[in-house]
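Per-entry structural report
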Amino acid sequence: ISNDEDALKFLYGANNLSNQQKYRTLKSRFRNRIFNTLYFLDLNQSNIQNNYQKVVFDQNKAVQTINILRRNGAIKSAISIIKNNFSISVSHHLYDIAKFYAFELAKHYAMSGKQVKYKLYRENFEDYAIKENAIQNATLSYYQIQFIIHNSNENSKTVKKHNILEQLMADLKSYRDLVYSYETEYFYLRSKLFLFEYTGKLDNILNVCLEVEKLSTQDQFQQPIWQGVAALYKSKALLSLRKYQEGIDCLNIDIHLFNEGGLNWFTAKEYLLKLHMHHLDVLNSEKIILEITRNKSFKNL
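Let us look at the structure shown here.

Moving on to the packing of helix 4 (residues 75-91) against helix 5 (residues 95-111). Orientation of helix 4 relative to helix 5, taken along the N-to-C sense of each, is 140°, at an axis distance of 9 Å. Considered as vectors, helix 4 and helix 5 are oriented oblique to each other. For the pair helix 4 and helix 5, the crossing hand works out as left-handed. Each of Ile79, Ile82, Lys83, Asn85, Phe86, Ser89 and Val90 in helix 4 lies in contact with helix 5, whose residues at this interface are Tyr95, Ile97, Ala98, Tyr101, Ala102, Glu104, Leu105, His108 and Tyr109.

So this is what it looks like as structure tokens:
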């Protein structure tokens, strides 16, 4: 079954108005069932290897659990969960969640008459609110930079456009200086990659790729997707710099970062093919072409 029409015919035998309504109802109910199961996912039983991804999931799950407990009067249990998770959210720079925890603890200690602790968590709340806002603004600046670079026509490469990009980068840097988070660091570095590619500063691209690799290979924070982005930028820059063997060696090391048959895997193979061709390595070029064209995802992509 590859589409709704096939599913409808398989389930009900004919594609008519009555069966279409039945199918829509079934699909809606089934979708709701699927969404309901998300709350019960246990990432300890999954194949997710990224510890940070698991922390983010667990913290968001804790927030929803706390809200359910609070609304049903189980305040003591809710506060216990907050205390157990507060330091985890802060250490992983999850300031939106840390702000929520601080807010709830400030209310709790105010109602308990504990003025010192109330003041502490009130200050925490205000601090994390500022940091959360900075992260959100950094995110929006990053996406605006992407939009300007990738969605502007060739005739718009003007001094005005350059000035807008420079201002957005300055804004992004100010948010980054205000608060450290993995996302703001990445958005800043990725924006630098955009700009250096746009302006043809290839050596600068290689330096920023090293920074991205350092960011995304920390013990507490492993992000293979970001490593893969750096690998693609690095290989493209080395190709343009005519450092063909170095590019081949780097891509052969980094190819494990891409899921075989995915778009970035094909992009990596494209750069690897070009590097081998410029290196006049006919045999390996032919092998790569065969590997690409024989992949089951090749025709679709």
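This part is about the layout of surface pockets. Counted as a void, the largest pocket has a volume near 270 Å³. If you list the elements that add at least two residues to the lining of the largest pocket, you get helix 3 (51-71), helix 5, helix 6 (115-150) and helix 8 (182-199). The leading source of residues in the lining of the largest pocket is helix 6, at four residues. Split by residue class, the lining of the largest pocket holds seven nonpolar, four polar and three charged. Its boundaries defined by the atoms lining it, the second largest pocket holds a volume of some 220 Å³. Lining the second largest pocket, in full, are Pro224, Ile225, Gly228, Val229, His256, Leu257, Phe258, Asn259, Gly262, Leu263, Asn264 and Trp265. Of all elements in the fold, only helix 10 (224-240) and helix 12 (263-278) reach the threshold of two or more residues within the lining of the second largest pocket. Ranked by residue count, the leading element in the lining of the second largest pocket is helix 10, at four residues. Looking at the lining of the second largest pocket residue by residue, the classes come out as seven nonpolar, five polar and no charged.

A separate point is the pattern of salt bridges. Counted under the stated rule, the structure contains 15 salt bridges. Its salt-bridge partner being glutamate 126, residue arginine 122 comes within 3.0 Å of it at the nearest N-O pair. Here arginine 122 pairs with glutamate 126, and both are found in helix 6, just four residues apart, close to one helical turn. Since its relative accessible area comes to 38%, arginine 122 is described here as partly exposed. Note that glutamate 185 is salt-bridged to arginine 176, the shortest N-O span being 3.0 Å. Residues participating in the shared-partner salt-bridge network are Arg70, Glu104 and Lys107.

Interaxial distance between helix 5 and helix 6 falls to 8 Å at its minimum, and their mutual angle equals 160°. By the criterion of interaxial angle, the relationship of helix 5 to helix 6 is roughly antiparallel. For helix 5 against helix 6, the interelement crossing comes out left-handed. For the pair formed by helix 5 and helix 6, the contact residues are Tyr95, Asp96, Ala98, Lys99, Ala102, Phe103, Leu105, Ala106, Tyr109 and Ala110 on the first element and Lys117, Tyr118, Tyr121, Arg122, Asn124, Phe125, Tyr128, Ala129, Lys131, Glu132 and Ile135 on the second. Here the residues of the contact of helix 5 with helix 6 sort into 14 nonpolar, one polar and six charged.

Cut-offs and rules
- Residues numbered from 1 in each chain as written.
- Predicted model: local features only at pLDDT ≥ 70, side-chain atom pairs only at ≥ 80, totals over all residues.
- Heavy atoms only, no water.
- Axes fitted to C-alpha atoms, helices over the stretch in contact; angles between N-to-C directions.
- Helix = DSSP H or I, 4+ residues; strand = E, 2+ residues; numbered from the N terminus.
- Parallel < 35°, antiparallel > 145°, perpendicular 65-115°, else oblique.
- Left-handed = near helix turned anticlockwise from the far one by under 90°.
- Contact = heavy atoms within 4.5 Å.
- 1 Å grid on protein atoms, 1.4 Å probe; cavity = no way out; pocket = protein on both sides within 12 Å on 5 of 7 lines; lining within 4 Å.
- Points joined across faces, edges and corners; volume = space filled by probe spheres on them.
- Nonpolar A, V, L, I, M, F, W, Y, C, P; charged D, E, K, R; others polar.
- Salt bridge = Lys/Arg side-chain N within 4 Å of Asp/Glu carboxyl O.
- Buried < 20%, exposed > 50% of the residue type's maximum accessible area, 1.4 Å probe, protein only.

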